Amino acid sequence: MKNYFSSDFKLGVLGGGQLGRMLLTETQKYDIYTAILDASPEAPCAQICNEFHVGNLLDYNAVYNFGKLVDVLTIEIEHVNIEALHQLEKEGLKIYPQPSVIETIQHKGKQKDFFVQHGIPTSPHKRFIDKTSLLSYVTENTVDFPFVWKSAQFGYDGTGVKVVRTNDDLEQLADTECIIEELIPFKNELAVIVARNAHGEIKTYPVVEMEFHPEANQVEYVICPARIDETVSIKAREVALKVAESFKHVGLLAVEMFQTKDDEILVNEVAPRTHNSGHYSIEASYTSQFEQHLRTVLNLPLGNTDSKVAGIMVNLVGEEGFTGDVVYENIEKVMEIAGVTPHIYGKKTTKPFRKMGHVTIVDADIDKARQIAEKVKKTIRVISK
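Analysis parameters
Residues numbered from 1 in each chain as written. Predicted model: local features only at pLDDT ≥ 70, side-chain atom pairs only at ≥ 80, totals over all residues. Heavy atoms only, no water. Helix = DSSP H or I, 4+ residues; strand = E, 2+ residues; numbered from the N terminus. Rg over C-alpha atoms; globule rule 2.2 N^0.38 Å. Buried < 20%, exposed > 50% of the residue type's maximum accessible area, 1.4 Å probe, protein only. Contact = heavy atoms within 4.5 Å. Areas by Shrake-Rupley, 256 points an atom, 1.4 Å probe, with all protein chains shown as cover. Lys, Arg positive; Asp, Glu negative; His and termini not counted. Charge placed at Lys NZ, Arg CZ, Asp CG, Glu CD. Expected span 1.5 Å × (residues − 1). Salt bridge = Lys/Arg side-chain N within 4 Å of Asp/Glu carboxyl O. Arc of directions from axis to C-beta. Polar contact = N/O pair within 3.5 Å; in protein donor to acceptor, adjacent residues only side chain to side chain.

### Remarks on the overall build of the protein chain
Counting secondary structure elements, the protein chain contains 12 helices and 21 strands. Over its C-alpha trace the protein chain gives a radius of gyration of 21 Å, about what one expects of a compact globule, namely 21 Å for 385 residues. Along the first, second and third principal axes, the C-alpha set of the protein chain runs to 65 × 55 × 45 Å. With 385 residues in all, the protein chain has 57% of them scored as buried. Taking all contacts inside the protein chain whose residues are at least 6 apart in sequence as the whole, residues at least 24 apart take part in 63%. Accessible surface for the protein chain amounts to roughly 16700 Å². Of this, 48% is attributable to carbon and sulfur atoms. Across the protein chain, the mean location of the 41 positive side-chain charges is 3 Å away from that of the 54 negative side-chain charges.

Take a look at the structure:
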C-alpha cells in the first residue's frame, strides 16, 4: 500500500468550499498533504490547505494543469470540466469518483436516464433541449400541473429547481436544457450516504430524514436516525446500495429519496461526494462522512458507519435582508446548551439564504434533540454588520 501519511503523496481536491474545508480536518488528522483548486481566492479552504491554486473548475486547462500536480484527484463539487478529467484518467491519474460517474451525475437528464436503464425506482421524467421545446411539448400534450422543472446542469441549493403550477410559471423558467418530473406526494424526504472503495468494499450510513425550508428549497434540518418504520429504513438502504452498485463509483454517494404515501422508495437525485445530509456524522457517527471519503478515495478499509448517538443538523444560512460582513448573533447562547456544536464555514460575506455554517445537536433522545434544534434555529441569526 502506498504511504499517504507524512509523506510526499499529494491529494488534489477540485473545489475549496465548506465540504473541502471539513475534509481538510481529516487530512490534517492523518497528515496527508492536500492541494486545492478553486476559482475564489477567498474560498473557505484557501488559508488552511497545504497548497491552494486559483482557477475555474469548468476551465479545461485549469483542471488539467492542476491534475498534473497531484497523485490522486477527488472532488467536493460535481460542476467540473469533465473533458480534462477524462484526459487525466487516460494519462494514468487516479480520479475518484471516476470521471464517467461524475459526467452522468452532473447532468440531471443523464442521471434520470441512468436510473431508468438500471431499474432504479424514480419519478417519471422527460428531457428537453431548451425552453422552446418544453413549451411546445406542454402545448401539444396533456401535462398535469403541478410538475417539477429542473435545469439539466449547474443547479445547487435550491437553484435550478422549480415547481411549475401554472402557464405563467412556465414563462418564468430559464431558457436552458432541462427535465420535467412528476410531482410526487411524499411522506418524507430521506437520504442515505453510501461509501465504496476501489476494492469494492461498500457500506451505508443510517437513513436520515430531511426537513426543507419552504421558500429557499434548502435543507433546514437533517435528522438521524430518520423517524420511520424499520421496514422503510431497510428498503431505503437497499435502494441506495442498488444505486451505488449500478454506478460502481469509488467515493461517497449521497442518495436522496422520497418515501411515498404507500411507503415506496423513489430516488430523487444523487450527489457523488460528501453531502449536507451527512454533516451530523462529524459528532454523531463513529466515522464521519469526511473521514470516510478519504478512506474511499485512498482505498483504505472503510470505517464504522453506525451512529454513537442521535444527531440533528441545522443549517445556518444568511438571513433575508442582510448582505455584507457576517455576524453570528447569539452564537454563545446556543453554545451554552449541552450537545450543541457550531461549525462556521469561513465565508466572510453573508447574503440571503447563503450557507454559512451548520450546528449539530446530539442527544440520546431524538425528540429532545429535535426540540433543541428548533431552539437553536430560533436563537442564532446570521446577519451582517
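### Some words on helix 1 (residues 18–29)
A rise of 1.5 Å per residue sets the reference length of helix 1, with its 12 residues, at 16 Å; its end C-alpha atoms lie 17 Å apart and thus fit the reference within 8%. Burial in helix 1 covers these residues: Gln18, Leu19, Gly20, Met22, Leu23, Leu24, Glu26 and Thr27. Each element contacted by the buried residues of helix 1 is listed here: strand 1 (10–14), strand 2 (33–38), helix 9 (281–284), helix 10 (289–297) and strand 20 (355–363). With its phi angle positive at about 50°, aspartate 31 sits one or two positions after the end of helix 1.

### Some thoughts on the pattern of salt bridges
All told, the structure shown has 23 salt bridges when counted by the stated rule. For glutamate 269, the salt bridge identified is with lysine 150, shortest N-O distance 2.9 Å. One end of the pair, glutamate 269, is in strand 15 (residues 265–271); the other, lysine 150, is in strand 7 (residues 147–151), with 119 residues separating them in the sequence. Take glutamate 269 and lysine 150: they sit in the same class, and that class is buried. Its salt-bridge partner being glutamate 220, residue lysine 377 comes within 3.8 Å of it at the nearest N-O pair.

### Description of helix 3 (residues 82–90)
Here helix 3 has its buried residues at Ile82, Ala84, Leu85 and Leu88. Down the axis of helix 3, the buried set is contained in an arc of 155°. They therefore lie on one face. Where the residues of helix 3 are buried, they touch strand 1, helix 2 (60–67), strand 4 (72–75), strand 5 (94–95) and helix 4 (99–105). Its side-chain oxygen 3.1 Å from the backbone nitrogen of glutamate 83, asparagine 81 forms the N-cap of helix 3. Looking one or two residues beyond helix 3, the residue adopting positive phi is glycine 92, at roughly 105°.

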